[in-house]
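Now for the letters of each chain:
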Amino acid sequence: MSSPSSTKADEMQKEQTPLVPPRIKTPQTPENAQQSTQPEIHLVLPSKTVPQPPRESRLDSLDDDSDDYESPDLFYPSVHRISTSDRDMSLQVPRQPKGRYSSLCSDDELLDDDEPTEWPVVNLSNLQGSVYLPNDGRLSSVAKEDSSHLAAVIKMGWLDKNPPQGALYYQRRWVKLDVDYLRYFDNEKEVYSKGIISTAFMTNVSSVGELKFEVVTNNRTFIFRAESEAERNEWVTVLQDCTRGRRPRSTISPSSPLTPDFQGYLELRGLRSKLYTVVASDKVYLYKNIEDYRIGVGITSIEMNVGNVKETDRRTFDLTTPYRIFSFIAESEQLREQWVDAMRDAIGEALSNREVAERIWAEPSNSLCADCGAPKPEWAAINLCVVVCKRCAGEHRGLGPSISKVRSLKMDRKVWTEELIQVFLLLGNERANTFWAANVPPSEALTPSSCSEERRRFITNKYRQGKYRKYHPLYGNQKELNNALCINVQCSDVLETLSLIFCGADVNCSTGMANWPSPLSLANAHSQLLQAELISHNLNTELPRSEVGGAMETRHYSPPPCVSHNGFLFKTASMARAITERKAREEFSRRWCTLNDGTFSYYESDKNSNPNGALKASETVCLAVDAPERHGYEHTFELYSESERLYLFGTDDPDSHKEWVKSIAKSFIPASAEPLLRLGFDRIGRLKCKDGLNLQTSKVGWFALVGSTLHVYFAESQGEEIHLRKLNELSIQQDNEVLVLVERGRTLYIEGERKLDFAGWCTAIQAAAKSGGDTLSQQQLTETDIPVIVHSCISYITQCGLTSEGIYRKSGVNSRVAALCERFRCDARSLCLRDGEHQVDDVSNTLKRFFRELEEGLFTSEDASAWLSTAAIQDESMKISQYQMLLNRLPHVNKATLQALINHLYCVQRFSNLNQMNLHNLAIVFGPTLFQTDGKDYTAGRTIEDLIQHYTLIFEVTEQQLKKQLDEIKVIIELRNKLNKVDKFPSTEPGGHFICTVYVEEKKEVVEQSVQIPGSMTAAELTCEILDRRNILVKDKEYWSCWEVSDKEEMERPLHYQERVLPILHSFGTDSRLLIKKHIAMDNMIIYLAGKVDASKHGMMKFREERSILGLGLSSGSFHDRYFILNSSSLRMYKDVRSNRPEREWPGKNLKVYLGMKKKLRPPTCWGLTVVYESKKQEKPERQQWYLCCDTQTEMREWYATFLSIQYDGNVWPQNGLQQTRVSRVMPDTRHGNVSLIPLRGSENEMRNSVAAFSQDPLALFRDVR
């Protein structure tokens, strides 16, 4: 067969190539079996790919849609199993009836369409290279114990396996589970499996039916049956544990560092079908086809440490192991050579890796971990010259490559040069520890069983701090240390060199010799290769930081921290503004990046010597870590510079991303803020700020944002934590230049020294301060750890709704409830519930909906049943004790929230004479809500009833505390009743109407009127009603209007005749009032507008903005001349008439203009306007106020008329006058909620008819009048 064309090969290179299964090689010892529970998943693009054979030569007859799969048999199928039904799903390979052989035919799936035929008896010796076995050719148990062909086995045993394609019978299989694969065999003595299922691709493991369980991958389901229910449950448990924490994959993606060395189709002699074969590192994997390879379902794997490859014919070769001979046929001689080379490389990889470890362990002290003493350590810190175990190696990695360069004895083949091996044999852990561990206190020493925290502390002290090292006599004398190093590298004392380097000698110091300028060149010149090897691995090592006390009186040398790192990253062009859109992969360019001596540089490639750009650590002000997959590359980070530039870098390797982030942060974060580096931060950097104790001067702080917590370090001070979800206030002031964080007892003002990184900080902090999910702990919380939504709703109902009949039982308006829930979810802190603006029933239903939709529930899903069962206990004291025990088991936030809610419900039922909600009624409502049940039984209600009834005992509340709270509520109720009677303030009537005091012409007691104002009443209707009551006749050319007057601000404005009055009342303060009086200037304004072609105006006015210094309410500034243009869309302010760009711009529709301004502002003229701007955005409400002064009264009226015309589209006054509006107006809807009121205004007939109807049927008030 000729080799495929180059075109097909190119197409194969473009195809997404799956990667090889994870490689784990662990000696089968109890220790390593325990350590090997963490799988190594590796994914990359292959280096070489073999073209696929033509489609017809593949296993086309296999059913790819089957729910199960079992591999071709590598051994011998039992003869008695082959029946007529068997032939429908397996190929009958010619065989000798009594002989044992291994075919690659599955006993479950059809491989080809040939009819079974019998082969004659053949002598095995004549079939060299075939997959036949001798009759007694089995691996002995002793031989298998010595083999390391599998990872440590977690569980094994007999199971019945259900074959695919609808077969009804089960097949008995010996099943083994390790961390990477579930393998099944024909019997317990077999070495090569019939099938393997990658645990990385398992999406679900669960029990199904009697004694059965299923293993589900992305597109296949495997069913197994155990001999007992206990055995079945144990299999399910260990499989779930093995897959837990992994993100299941649907297909293999090319992103692993373990590259398949060679892959493609090979024919196995004896079969006409081909198997997809993968050579990866020191293993060979066999798959039915490439599709199975991509989904992690294979036949078997072959360990190459016991293999041998022999070429036999033009296109054939044999892979021989002690257990099998695999005879393969390649597509061409050229491909045969490539396959043979790849498999021989795999054998060399397996043998050489093990050889390095065995050679290192030949030094007795290297067979025990240098840090904890664990046997057979498989890792080494090559620059520190110590051999360590897997657990200690993990902590060494945490120190970073600038301190400890960790390499594997078995996997990192290239690093282990002969010189490096000799260094480790010469020193050994024992001699190395005479330096590193010369002064270890027995109380701080590690053992093999030490926990991770103890290991981290010890290893940090030992290598980062150098706490236990043996100090060199020259320590502190830099010049002498360097001189001693230059002398010592010329001899063979490697331990002395190690001591000199890690006591401060500079490996890059000058030797004073032109031919050999550095210690490294000097060592090479004197043929001291071991010295040169040690120095070469410590050219950029960060030296231990701790200082010597006691014997050392002075320190002449303090090495600065040095951080170095390099590698490839993908970079976009630098930007001068924040990134708001996703950056695609095509926008990134591959760059070689280095971090040395406090400078981060990036190059066109690793061959270039001149960088494309560089960023010094002193210029770096912020490092932001993006969420995964925000941009085209999965892991990205942003760097912000002093010069207002943003640099975006990305990679698909999470380990590389983590190392870069850590190294860059370490390079610019000072030692005083070093604890921030140990945090898993989302953003870290430098900001200026002020606090409430000193507002005069700013200080520099180092900030790190971790989740919803802001960590801060100031110079010469301990670190602080700000829990953003517990802030009382979070706002941006002074034109987005100050971020104000208000917490209990303190206010922090973060200043925007640079706009670019400050905008990023503001966005990130505001997002972190919002609710993070649907559980209680993820909500915005008060200082007492109660969700803000719960606290706000309870406070509102306590003040406004305790006397509302049927509170919590009546339904609110669904749309308003949904809107409230959404606003609370977006930012609960910014929503203030106000009497009149929000309805009691809407708020009560919002609270109930929050608890019903709460993830995990208030009582938690684990303990909810225990709370319900406690209600059935008859003994009261035992019941209360059980409730207290369950209460203490709740998470802190749940416990605080439950107590606040039950306290509130207790208060509600104490006023049941007013609201008709007694203990039983509340329990009926809140039982199903809090336990999230359907409410068909009263179990949940009984529990809530118990909690309310025994509130003082269960929550240990004293009678004095409760009495004080109830007295406060009584005062609130009495005060509201008094206010309703006095009518000085808007007050709620049953049905939602409000009563307020309105004045006529001027503020005198004799002219005030108490008016009931429904939500639909307009300013014209209110004016007409007052005029009717006062019997004032409206004459021609009289423009009676309703005015909003503010005594504090010394301003007033006439309400537009169509403007509704109720929203104005909601925004009132105690210094505001409604006044009915004539609008004297209205006639002139109408005449002025009638003569204009369009509604626009421009001209000079004097402008002053009311600014606050850091939000403290201190007014500043003076009036300045500015040029204004007002049109139908906006009001624009220019510095002067010649300016092209406006300084400020506001939407005209959102401006509220008042006549007059405060005298204390010292306006230059008496013709002033006060302008208020309120944004309409619910998520970020904003209010601004400023002042305008005109030169004449006429000019002021013209500006005001233009404002009014634009806001109401030219409809400034009713065409037929106010009198016609009163006569012809349609009577407004008097309904509000479920209650209707008798109208108190209108014509005499309307009044008479309404009163008559009420006299005949008083209950009509409570029925829908429409």
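## What about the environment of T897?
Piece 1. Inspection of the secondary structure assignment puts T897 in helix α22 (residues 892-910).
Piece 2. Setting aside residues no more than four positions away along its own chain, T897 makes contact with L776, D785, I786, P787, V790, F851 and L858.

## Focus: the packing of aromatic side chains
Piece 1. Summed over all chains, the structure comprises 38 aromatic pairs.
Piece 2. Ring centres of Y808 and F926 lie 4.9 Å apart, and the angle between their planes is 70°; this geometry places the pair in the edge-to-face category. Placement of the pair is Y808 in the loop between α17 (788-800) and α18 (814-827) and F926 in helix α24 (residues 919-931), with a sequence separation of 118 residues. Take Y808 and F926: they sit in the same class, and that class is buried.

## Describing unusual backbone geometry
Piece 1. Phi is positive for T860, close to 65°, though the residue is something other than glycine.
Piece 2. Overall, T860 belongs to the buried group, its relative accessible area being 15%.
Piece 3. Its identity as a non-glycine residue notwithstanding, Q932 has a phi of 55°, on the positive side.
Piece 4. Secondary-structure assignment places Q932 in the loop between α24 and α25 (939-949).
Piece 5. Residue classification places Q932 among the partly exposed positions, given a relative accessible area of 33%.

## Overview of the side chain of S792
Piece 1. Relative to the elements of secondary structure, S792 occurs in helix α17.
Piece 2. Accessibility expressed as a relative area gives 16% for S792, which makes it buried.
Piece 3. Dropping the residues within four chain positions of it, S792 is found in contact with F824 and L833.

## Here we look at the environment of S332
Piece 1. Among the secondary structure elements, S332 is positioned in the loop between β15 (325-329) and α7 (333-361).
Piece 2. The buried category is assigned to S332, whose relative accessible area is 6%.
Piece 3. C-alpha separation for the pair S332 and R314, spaced 18 residues apart in sequence, amounts to 7.9 Å.
Piece 4. A polar side-chain atom of S332 sits 3.2 Å from the main-chain amide nitrogen of L335.

## Digging into the sheet that holds strand β18 (residues 406-408)
Piece 1. Judged by pairing direction, the sheet is antiparallel, and its three strands sit side by side in the order β17-β16-β18 without closing on themselves. Across the chains shown, the open sheet's two edge strands, defined by having one partner strand only, are β17 (386-388) and β18. Each strand axis lies, on average, 30° off the axis of its neighbour in the sheet, ignoring direction.
Piece 2. Sheet topology note: the strand β16 (residues 379-381)/β18 ladder contains three bridges and is antiparallel. Across the sheet, A380 pairs through a bridge with R407, a residue of β18.
Piece 3. Sheet strands in contact with helix α8 (residues 390-399) are β16, β17 and β18, and its direction is about 115° off that of β17.
Piece 4. Against the sheet, helix α9 (residues 418-436) makes contact with β16 and β17, and its axis sits at roughly 90° relative to β17, the strand it touches most.

## Describing the environment of Y1123
Piece 1. When you line up the elements, Y1123 lands in strand β40 (residues 1120-1126).
Piece 2. For Y1123, a relative accessible area of 13% gives the class buried.
Piece 3. For the pair Y1123 and Y1134, spaced eleven residues apart in sequence, the C-alpha to C-alpha distance is 5.0 Å.
Piece 4. Once you skip the residues sitting within four places of it in the chain, Y1123 turns out to touch H1098, G1099, M1100, R1132, M1133, Y1134, K1135, D1136 and V1137.
Piece 5. Separated by 3.0 Å, the side chains of Y1123 and H1098 make a polar contact.

## Description of the sheet that holds strand β14 (residues 316-320)
Piece 1. Pairing in this open sheet of seven strands is antiparallel, and the strands run β12-β10-β9-β8-β15-β14-β13 from one edge to the other. Taken across any chain shown, the strands that pair with only one partner, and hence form the sheet edges, are β12 (300-303) and β13 (308-311). Put simply, the sheet's adjacent strands are angled 35° from each other on average, direction ignored.
Piece 2. Across four bridges, the pairing between β13 and β14 is antiparallel. Each bridged residue has a counterpart across the sheet, and for N308 the counterpart in β14 is T320.

## Brief notes about the pattern of salt bridges
Piece 1. Tallying each qualifying case throughout the model produces 60 salt bridges.
Piece 2. E311 is paired through a salt bridge with R344; the nearest N and O atoms lie 3.8 Å apart. Linking E311 in strand β13 with R344 in helix α7, this pair joins segments that are 33 residues apart in sequence.
Piece 3. We classify E311 as partly exposed; its relative accessible area is 33%.
Piece 4. A residue is classified by how much of its surface remains accessible, and R344, at 39% relative accessible area, is partly exposed.
Piece 5. As a salt-bridge pair, R1122 and E1143 come within 2.8 Å of each other at their nearest N and O atoms.

## A look at the packing of α24 against α25
Piece 1. As a packed pair, α24 and α25 sit with axes 7 Å apart at the nearest point and diverge in direction by 120°. If you check the angle between α24 and α25, you find them oblique. Note on packing geometry: the crossing formed by α24 with α25 is right-handed. Between α24, through L919, H920, L922, A923, F926, G927, P928, L930 and F931, and α25, the contact on the second element is made entirely by A940, G941, T943, I944, E945, I948 and Q949.
Piece 2. Taken together, the residues of the contact of α24 with α25 sort by class into ten nonpolar, five polar and one charged.

## As for the nonpolar core
Piece 1. Membership of the largest hydrophobic core comes to 66 residues, with the highest contact counts inside it found for Y808, W867 and L898.
Piece 2. In terms of residues, this core owes the most to one element, α22, which gives ten residues.
Piece 3. Discounting chain neighbours no more than four positions away, the residues touching W867 are F859, Y883, L886, L887, L890, L898, F931, T943 and L947.
Piece 4. If you look at the next biggest cluster of nonpolar residues, it comprises 48 residues, including A370, L481, A484 and L485.

Rules used throughout
- Residues numbered from 1 in each chain as written.
- Predicted model: local features only at pLDDT ≥ 70, side-chain atom pairs only at ≥ 80, totals over all residues.
- Heavy atoms only, no water.
- Helix = DSSP H or I, 4+ residues; strand = E, 2+ residues; numbered from the N terminus.
- Contact = heavy atoms within 4.5 Å.
- Phe/Tyr/Trp six-rings, centres within 6.5 Å; stacked < 30°, edge-to-face > 60°.
- Buried < 20%, exposed > 50% of the residue type's maximum accessible area, 1.4 Å probe, protein only.
- Polar contact = N/O pair within 3.5 Å; in protein donor to acceptor, adjacent residues only side chain to side chain.
- Pairing = 2+ DSSP bridges.
- Axes fitted to C-alpha atoms, helices over the stretch in contact; angles between N-to-C directions.
- Salt bridge = Lys/Arg side-chain N within 4 Å of Asp/Glu carboxyl O.
- Parallel < 35°, antiparallel > 145°, perpendicular 65-115°, else oblique.
- Left-handed = near helix turned anticlockwise from the far one by under 90°.
- Nonpolar A, V, L, I, M, F, W, Y, C, P; charged D, E, K, R; others polar.
- Core = buried A, V, L, I, M, F, W, Y, C linked by side-chain atoms within 4.5 Å.

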